[in-house]
Amino acid sequence: MGFKRYVEIGRVALINYGKDYGKLVVIVDVVDQNRALVDSPDMVRSQINFKRLTLTDIKIEINRTPKKKTLIEAMEKADVKGKWENSSWGRKLIVKQRRAALTDFDRFKLMLAKIKRGGLIRQELAKLKKETAA
Amino acid sequence: MAPRKTPVVSRNPQLIRGVGKYSRSKMYHKRGLWAIKAKNGGVFPKHDPKPKAASTAEKVSKFYPADDIKVPLPNKRKAKPTKLRASITPGTVLIILAGRFKGKRVVFLKQLTSGLLLVTGPFKVNGVPLRRVNQAYVVGTSTKVDISGVNVDKFDDKYFAKAAEKKNKKGEGEFFEADKEEKNELPQDKKDDQKTVDAALIKSIEAVPDLKSYLAARFSLKAGMKPHELVF
């Protein structure tokens, strides 16, 4: 019991509401009880309410309000992008984005692939059934 | 008058509406009227009016209608062809949404002058012939087929007009008897047109894996598909 992910300088968070929905940002300073200063390599440093953030497990080593260059270096050193894309949460988000971008033709090819896979599975299952029955 | 080669442009810029920058005398100088006068010996050149062709004396009609008939205002509007959606280019696969072929995925060939879209199945793949379809009943997908080998110049709206029916004489004893027995057979040249258009198309379709079976299948909304969120 107890909290595991804390709001601290260097905590990586996901924005879950607003114009920057879906972006990974680093908490760079705390403004007050409700707001933090966040920054990311591809956005202007800005304040955001904690309610719009979901904390992740990733944390990087930075001082309070680092320069943009220092921040980018620290993110590279800690390999935030790699850690995120390999985490199960990050992978699920990537799959969601891919599925949303499928075109009609892609969906058709996906359907064919699923049918083929199901057929193969059923073949193997039939084989195994035969073996155990024999 | 012969059309002007250069557009009329004023040499007197407007300061405010109704007030020009230059005065009358300055404008006289700017327009070069002094040079035209000098060339013509101090007098502004005058052209005699062209002699009018002698018009035949019009016969005054003895008949006037009793009441004044209102003449409708002339309507000079010209209908523009329907604007084609940016997502629909020649070779795009379209999904037909209504009519006999609803759900069919079909290849777009060109837009006709009436604004309708010329479309073909191809016929061998999904049974849709060369056909016109309205843009409003169609969803454009992002899948494109290579259409460079196909010549669609000969197809226009007149090609699809109904053949003029022979007028039956008024004395018809039996309705729907021998007359309607002959079903309207497609003329052989239309079938040949279909074959030539499809031959080139099918080659480019078979070059892409799964595209042929994609065009043969119908589109339908399944559970969980939200049309406003789908990328076509």
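Conventions and cut-offs
- Residues numbered from 1 in each chain as written.
- Chains lettered and ligands numbered in written order.
- Predicted model: local features only at pLDDT ≥ 70, side-chain atom pairs only at ≥ 80, totals over all residues.
- Heavy atoms only, no water.
- UniProt positions renumbered as here; feature names shortened; annotations may be inferred.
- Contact = heavy atoms within 4.5 Å.
- Buried area = accessible area lost by both parts, 1.4 Å probe.
- Salt bridge = Lys/Arg side-chain N within 4 Å of Asp/Glu carboxyl O.
- Polar contact = N/O pair within 3.5 Å; in protein donor to acceptor, adjacent residues only side chain to side chain.
- Nonpolar A, V, L, I, M, F, W, Y, C, P; charged D, E, K, R; others polar.
- Buried < 20%, exposed > 50% of the residue type's maximum accessible area, 1.4 Å probe, protein only.
- Helix = DSSP H or I, 4+ residues; strand = E, 2+ residues; numbered from the N terminus.
- Arc of directions from axis to C-beta.
- Patch = residues over 30% accessible without salt bridge, like charges linked within 9 Å, V, L, I, M, F, W, Y side chains within 5 Å.
- Areas by Shrake-Rupley, 256 points an atom, 1.4 Å probe, with all protein chains shown as cover.
- Lys, Arg positive; Asp, Glu negative; His and termini not counted.
- Charge placed at Lys NZ, Arg CZ, Asp CG, Glu CD.
- Pairing = 2+ DSSP bridges.
- Axes fitted to C-alpha atoms, helices over the stretch in contact; angles between N-to-C directions.

By the naming in an unreviewed UniProt entry, chain B goes by Large ribosomal subunit protein uL6 N-terminal domain-containing protein and is assigned to Linum tenue. Of chain B, the UniProt comment under Sequence similarities (unreviewed entry) reads exactly: "Belongs to the eukaryotic ribosomal protein eL6 family."

Per an unreviewed UniProt entry, chain A carries the name Large ribosomal subunit protein eL14 domain-containing protein and comes from Linum tenue. Word for word, the UniProt comment on chain A under Sequence similarities (unreviewed entry) is "Belongs to the eukaryotic ribosomal protein eL14 family."

S.K.: Explain the interface of chain B and chain A to me, please; I cannot follow it from the model alone.
M.R.: The parts lose accessible area when they come together, and the size of an interface is often stated as this lost area. Taken together, the contact pairs 17 residues of chain B with 10 residues of chain A. Of the roughly 970 Å² buried where chain B meets chain A, counting both sides, 62% is carbon and sulfur surface. Looking at the side of chain B facing chain A, the largest losses of area belong to Asp210, Tyr214 and Val231 of chain B, adding up to 47% of the total buried there. Connecting chain B to chain A are one salt bridge. When the shortest N-O distance is used, the salt bridge between aspartate 104 of chain A and arginine 105 of chain B registers 3.0 Å. Taken together, the connections running from chain B to chain A amount to three residue pairs in polar contact (both at pLDDT 80 or more). Split into classes, the residues belonging to the side of chain B that touches chain A amount to 11 nonpolar, four polar and two charged.

S.K.: Would you mind going over helix 1 (residues 68-78) of chain A with me for this structure?
M.R.: Because an α-helix packs 3.6 residues into every turn, residues spaced three or four apart end up facing the same way. All names here are of chain A. Leu71, Ala74 and Met75 are the residues of helix 1 that are buried. Considered in projection along helix 1, the buried side chains sweep an arc of 100° and stay on one side of the axis. In this structure, helix 1 carries Lys69, Glu73, Glu76 and Lys77 as exposed residues pointing more than 90 degrees from its buried face. Elements in contact with the buried residues of helix 1: strand 2 (24-30), strand 3 (35-40) and helix 2 (80-86). Just downstream of helix 1 lies aspartate 79, where phi reads positive at about 55°.

S.K.: What exactly am I supposed to notice about a positive patch on the surface here?
M.R.: A cluster of basic residues, Arg11, Lys21, Lys30 and Arg31 of chain B, forms a positive patch on the protein surface. As for its position among the elements, lysine 30 of chain B is in helix 1 (residues 24-31).

S.K.: Any chance you could explain the UniProt feature "domain: Large ribosomal subunit protein eL14" (unreviewed entry) in chain A here in plain terms?
M.R.: Here the UniProt-annotated "domain: Large ribosomal subunit protein eL14" (unreviewed entry) positions come out as residues 45-117 of chain A. Each end of residues 45-117 of chain A is marked by a C-alpha atom, and these two atoms are 47 Å apart; helix forms 62% of the span and strand 16%.

S.K.: Help me understand the sheet that holds strand 3 of chain A, please; the structure alone is not making it clear to me.
M.R.: Hydrogen bonds along the backbone pair up the strands of a sheet, which may run parallel or antiparallel. Residues and elements named next belong to chain A. Read across the open sheet, the five strands follow the order 4-3-2-1-5; overall the sheet is antiparallel. On the outer flanks of this sheet lie strand 4 (43-49) and strand 5 (53-59), each paired with one strand and no other. For this sheet, the mean angle separating the axes of adjacent strands, direction not counted, is 40°. As paired strands, strand 1 (residues 11-15) and strand 5 are joined by four bridges and run antiparallel to one another. Along strand 5, the bridge assignment pairs leucine 14 with threonine 54. The strands touched by helix 1 are strand 2, strand 3 and strand 4; relative to strand 3, the strand with the most contacts, the crossing angle is about 75°.

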